[in-house]
Amino acid sequence: MSVPFFTGVREYIRNKDLFNRAIETVLLRGDYILGEEVDAFEKEAASYLGTSHAVGLASGSDALLLALHALGIGPGDEVITSPFTFFASVSAITRLGATPVFVDIDPETFNMNPSLVEEKITKKTKALLPIHLFTQTADMQPLLTLAENHGLSLLEDAAEAFGMEYQGQKAGTLGDIGIFSFYPTKTLGAYGDAGLAVTKNENLAERLRILRRHGETSRYHHKEIGYNSRLDTLQAAILRLKLQSLEQDIEKREHWAQKYNNAFAALENVRLPVIKQQCKPVYYVYSLITPYRDELKAFLDKNDIGNAIYYPLPLHLQECFQFLGYFPGDYSVAEEAARSILALPLFPDLTEEESDNVIDTVHRFFKGL
Ligand SMILES: *Cc1c(COP(=O)(O)O)cnc(C)c1O
């Protein structure tokens, strides 16, 4: 039996009438850009997250770009971030003419190692950009303290982190701005591209709202050069529905993660996800660490078990970032993670039979070593 790494189709089929009705309502209302659904989703998302302002944007990648822009990041500025993340966290920095400055990651959580940040702060440093990867937030307290002491902005890339908590606060609400992606595979996933930026600062929220409609302050009057980056109205209608079942979805993710944890606890040559005490996890991605990663991947592929490598090549080694002047070995913890990490199928609508099959296949691989 093959097991998909991810599918959104089962959820759609389960709630087909609800989704179809929500889409039809938007189409019959004839209000296709922003409008009621986007307003309502922004309010509901802000309330769920416990923050004041939420601004719907076209994608998580755009949310990073607009958030950095709103924070005033531009040519000559430096932004301290991690090389072990999705491409967009760093391309947003370079797009604005600023320079990403990397620090290596914590080998257990794969998040930015806060103890390496201070030595990278220079006169040009304007912001910290931690990313909350896979299951839990970065260690935010030391980063918040550094930002405060050095007068830096703090932007959270919470693209993967909807619903995660740090010391009782929702991911994305601790820094100046937090951004989310609703890419279909994400914990809260749309049926297309969608994103969000949240902030407690009214001025930043207003700036983001202006930037998402071409910098327009009144119709055809542009205060600055903005973007076309609005959350799509149909996606907002879908996200409102999915937000209602989010807590159940998070519980289902937790169930599959614990099942994997129990099944793999006794395996040698495998390290399971490590959750830090101050973090309440959401299992967006369930990754194993093993020195036999490539062999395990080939075995899963041969047995039709979905799997994925997040991320195979750290960003300091990407061809397009060669101009930054980094070399292999510069961020050895990130490079080692890229060589040894593998994600298994985990989404709410996985079945017991499918997860049994994943577990059995992983066990067969390690027995055969
Ligand atoms: C998914 C993701 C993004 C980008 O989101 P899109 O909505 O696909 O543009 C940015 N950062 C991280 C860490 C992500 O996982």
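Definitions and cut-offs
- Residues numbered from 1 in each chain as written.
- Predicted model: local features only at pLDDT ≥ 70, side-chain atom pairs only at ≥ 80, totals over all residues.
- Heavy atoms only, no water.
- Helix = DSSP H or I, 4+ residues; strand = E, 2+ residues; numbered from the N terminus.
- Expected span 1.5 Å × (residues − 1).
- Buried < 20%, exposed > 50% of the residue type's maximum accessible area, 1.4 Å probe, protein only.
- Arc of directions from axis to C-beta.
- Contact = heavy atoms within 4.5 Å.
- Domains from an automatic or database assignment.
- Buried area = accessible area lost by both parts, 1.4 Å probe.
- Salt bridge = Lys/Arg side-chain N within 4 Å of Asp/Glu carboxyl O.
- Polar contact = N/O pair within 3.5 Å; in protein donor to acceptor, adjacent residues only side chain to side chain.
- Phe/Tyr/Trp six-rings, centres within 6.5 Å; stacked < 30°, edge-to-face > 60°.
- Lys NZ or Arg CZ within 6 Å of the ring centre and 35° of its normal.
- 1 Å grid on protein atoms, 1.4 Å probe; cavity = no way out; pocket = protein on both sides within 12 Å on 5 of 7 lines; lining within 4 Å.
- Points joined across faces, edges and corners; volume = space filled by probe spheres on them.
- Nonpolar A, V, L, I, M, F, W, Y, C, P; charged D, E, K, R; others polar.
- Core = buried A, V, L, I, M, F, W, Y, C linked by side-chain atoms within 4.5 Å.

Before going further, it helps to examine helix α2 (residues 16-29). Here α2 is 14 residues long and its end C-alpha atoms lie 20 Å apart, about the 20 Å a rise of 1.5 Å per residue gives. Buried within α2 we find F19, A22 and V26. Buried residues in α2, looked at end-on, bunch into an arc of 65°, giving them a common side. Away from its buried face, by an angle of more than 90 degrees, α2 presents the exposed residues D17, R21 and L28. Where α2 is buried, its residues meet α1 (9-14), α3 (35-49) and α8 (233-244). At the exit of α2 stands G30, carrying a positive phi of roughly 75°.

Interface size is commonly expressed as the accessible area that is lost once the parts come together. Entries for the protein in the domain assignment read domain 1 (9-103 + 110-244) and domain 2 (246-367). Relative to domain 2, the C-alpha centre of domain 1 lies at a distance of 24 Å. Facing the 39 residues of domain 1 at the interface are 40 residues of domain 2. Interface area, domain 1 with domain 2, both sides summed: about 3400 Å², of which 60% is carbon and sulfur. Joining domain 1 to domain 2, the criterion identifies three salt bridges. E354 is the partner of R10 in a salt bridge, and the nearest nitrogen-oxygen pair spans 2.7 Å. In this structure, the connection of domain 1 to domain 2 is made through 18 residue pairs in polar contact (both at pLDDT 80 or more). Of all the secondary-structure elements, those providing two or more residues to the side of domain 1 that touches domain 2 are α1, α5 (88-95), β3 (99-102), β6 (165-166) and α8. If one sorts the elements of the side of domain 1 that touches domain 2 by residue count, β3 sits on top with four residues.

Here we come to the packing of aromatic side chains. Taken as a whole and assessed by the stated rule, the structure comprises 26 aromatic pairs. Pairing F5 with Y310 gives two aromatic rings, centres 6.2 Å apart and planes at 55°, and the pair type is tilted. On the criterion of sequence distance, the pair formed by F5 in the segment before α1 and Y310 in the loop between α10 (293-302) and α11 (332-340) is long-range, its members being 305 residues apart. By the ring-pair criterion, three or more aromatic residues cluster together here, those being F5, F84, F110, F134, Y310 and Y311. Here K170 stacks its cationic end above the ring of Y48, 4.9 Å away from the centre of that ring.

Time to look at the pattern of salt bridges. Any two side chains of opposite charge can pair, on the condition that their charged atoms come close. On inspection of all chains with the given rule, the structure shows 21 salt bridges. Across the pair E11 and K242 runs a salt bridge, and its minimum N-O distance is 3.1 Å. Linking E11 in helix α1 with K242 in helix α8, this pair joins segments that are 231 residues apart in sequence. For the pair shown, E11 and K242 are each scored as buried. Across the salt bridge formed by D301 and K297, the nearest N and O atoms sit 3.4 Å from each other. Placement of the pair is D301 and K297 together in helix α10, with a separation of four residues, close to one helical turn. A network of salt bridges, in which partner residues are shared, links R29, E36, E37, E44 and R240.

On to empty space enclosed by the protein, then. One pass over the structure, following the stated rule, counts three cavities of 30 Å³ or more. The wall of the largest cavity is formed by 16 residues, among which F6, E11, T187, K242 and P348 lie closest to the centre. Looking at the lining of the largest cavity, the elements with two or more residues in it are α1 and α9 (246-264). By residue class, the composition of the lining of the largest cavity is five nonpolar, four polar and seven charged. No fewer than three residues from each of domain 1 (9-103 + 110-244) and domain 2 (246-367) sit in the lining of the largest cavity. Each pocket or cavity is described by its volume, and for the second largest cavity that value is around 100 Å³.

Turning our attention to the nonpolar core. Ranked by size, the top nonpolar core spans 52 residues in total, and within it F84, F110, F134, L155, I177 and I179 carry the most contacts. Among the elements that line this core, the one with the most residues is helix α4 (residues 60-70), at seven residues. Shared between two domains, this core holds at least three residues of each, these being domain 1 (9-103 + 110-244) and domain 2 (246-367). Ignoring any residue separated from it by four or fewer positions in sequence, one finds F110 in contact with F84, I105, L133, F134, R271, I289, A337 and I341. Of all hydrophobic cores here, the second largest spans 26 residues; its members include V38, A45, L188 and A236.

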